Amino acid sequence: MTYIDINITDRKWNETVVLPASKSISNRALVISALAGGKILPTNLSDCDDTEVIINALRDDPYTIDIKAAGTAMRFMTAYLSVTPGEHVITGTERMRHRPIGVLVEALRHLGADITYVGEEGYPPLLVKGKQLDGGKITIDGSVSSQYISALLMIGPMLKNGLILKLSGKIVSKPYIELTLDVMHHYGADVRWTDVDEIKVSPIPYTPLPYIIENDWSAAAFWYELIAMGNNVGAKILLPGLKSNSSQGDTSVKLLYIMFGVKTTFTKDEVGMETAVLTRQRSIPSRFDIDLNDQPDLAQSLAVTCATLGTPFRFTGLESLRIKETDRITALENELRKMGCVLHDAEDSILYWDGERCDPLPHPAIDTYDDHRMAMAFAPAAVRYGTLRINNPEVVSKSYPHFWQEMEKFTN
């Protein structure tokens, strides 16, 4: 499929949307359960591409592991392979082979890992020869990627002397680090913050335990976006399987979208499963400025929401967006210009729109840059722009394979 045309009917919705299981939790639980011996697999795993490549790698144990476009899998599996007996080459797509991994590799080498660059220094593919590592204390730049930090933390219990991880600089996406600690605790790890910038992991092995994966708050963002753009006060979207007290960082979406007139309440069924109920109220902010250091994955949804509703904005804390599936800052500037909004960036970490307009394309076709979130963040804008074309819509399989089937509920 080369494109999909979205035409959303703006009405007083009362729709139930099926969310995927959390990709972030699934990927962490899979790696940790494997380190615990792999006898008890997590359940309700995400069915997305990123999780599938980890499942396949752990199950089949091939010499060459192709993680495709899954950045999380590249980081987590590199650390996992470093402490697992055997020799492997880990590689991915062309884009993945240009996404830096040097910070993680150097940290693992400091712990004693045997990792060699197969091609360009600092980038995948990697040749990893797994062995017992001594561990110890290392310092890593906290401003590059929380996935590097999570990858190191998860192997901490397997290191002979445990791990003391010192984080230098600004710590980005801290809720994802907390999520890692939460999953580690579930499996019996002794891990804790010993200072504002230091985490200690004791050399106590994981305990094999069942784990039920909750649904994905990151995927919920696109439905918050859709209901915020609709005009019908009282419209509802129901999202089963979201926990009100979730440790997922993107639970903040329910607070951020209050500004855009989306109220979130929770119901609970007879077996205790919660459902988030999103209700449209009458509110659009005149301006929206926020530091997204802890929630950079919400930047695309929020940028499209603001631009579509005519709300000038300034987002800071976006350092990691340049090295995601695509350069998301540039991608947002390019695609929102097609819709008549001229965005600007600064310091590789700031994206802003002061209301500057240009002539929109009469029939904009949104390019997705092999980035699932570009496709899903722009799709809800069809409720305001009329028919909107999304190119290469199949990229949603990376995190939300049935997204377009759910979107069909709003097109009639």
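Residues numbered from 1 in each chain as written. Predicted model: local features only at pLDDT ≥ 70, side-chain atom pairs only at ≥ 80, totals over all residues. Heavy atoms only, no water.

(A) Representation of the sheet that holds strand S18 (residues 365–366) in the model. Spatially, S1-S19-S18 is the arrangement adopted by the 3 strands of the open sheet, whose pairing is mixed. Looking at which strands have only one partner, the edges of the open sheet turn out to be strand S1 (3–6) and S18. For S1 and strand S19 (residues 388–391), the ladder comprises 4 bridges, and the chain directions are antiparallel. Paired with Ile6 across the bridge in S19 is Leu388. (Pairing = 2+ DSSP bridges. Helix = DSSP H or I, 4+ residues; strand = E, 2+ residues; numbered from the N terminus.)

(B) How the structure looks around the packing of helix H2 (residues 49–60) against helix H3 (residues 71–82). Between H2 and H3, whose axes approach to 10 Å, the crossing angle comes to 20°. By the angle between their directions, the pair H2 and H3 is classed as roughly parallel. Relative to H3, the crossing made by H2 is right-handed. Residues Asp50, Val53, Ile54, Ala57 and Leu58 of H2 pack against Ala73, Met77 and Tyr80 of H3. The class makeup of the residues in the contact of H2 with H3 is 7 nonpolar, no polar and 1 charged. (Axes fitted to C-alpha atoms, helices over the stretch in contact; angles between N-to-C directions. Parallel < 35°, antiparallel > 145°, perpendicular 65-115°, else oblique. Left-handed = near helix turned anticlockwise from the far one by under 90°. Contact = heavy atoms within 4.5 Å. Nonpolar A, V, L, I, M, F, W, Y, C, P; charged D, E, K, R; others polar.)

(C) Representation of the sheet that holds strand S13 (residues 274–280). One open sheet accounts for 4 strands, arranged S2-S11-S13-S12; its pairing is mixed. Strand pairing shows two members of the sheet lacking a second neighbour, strand S2 (14–16) and strand S12 (262–268), which therefore form its edges. Strand after strand, the sheet turns through a mean of 20° between neighbouring axes, direction not considered. Packing of helix H7 (residues 217–229) onto the sheet brings it into contact with strand S11 (236–240), S12 and S13, and relative to S11 it is tilted by some 175°.

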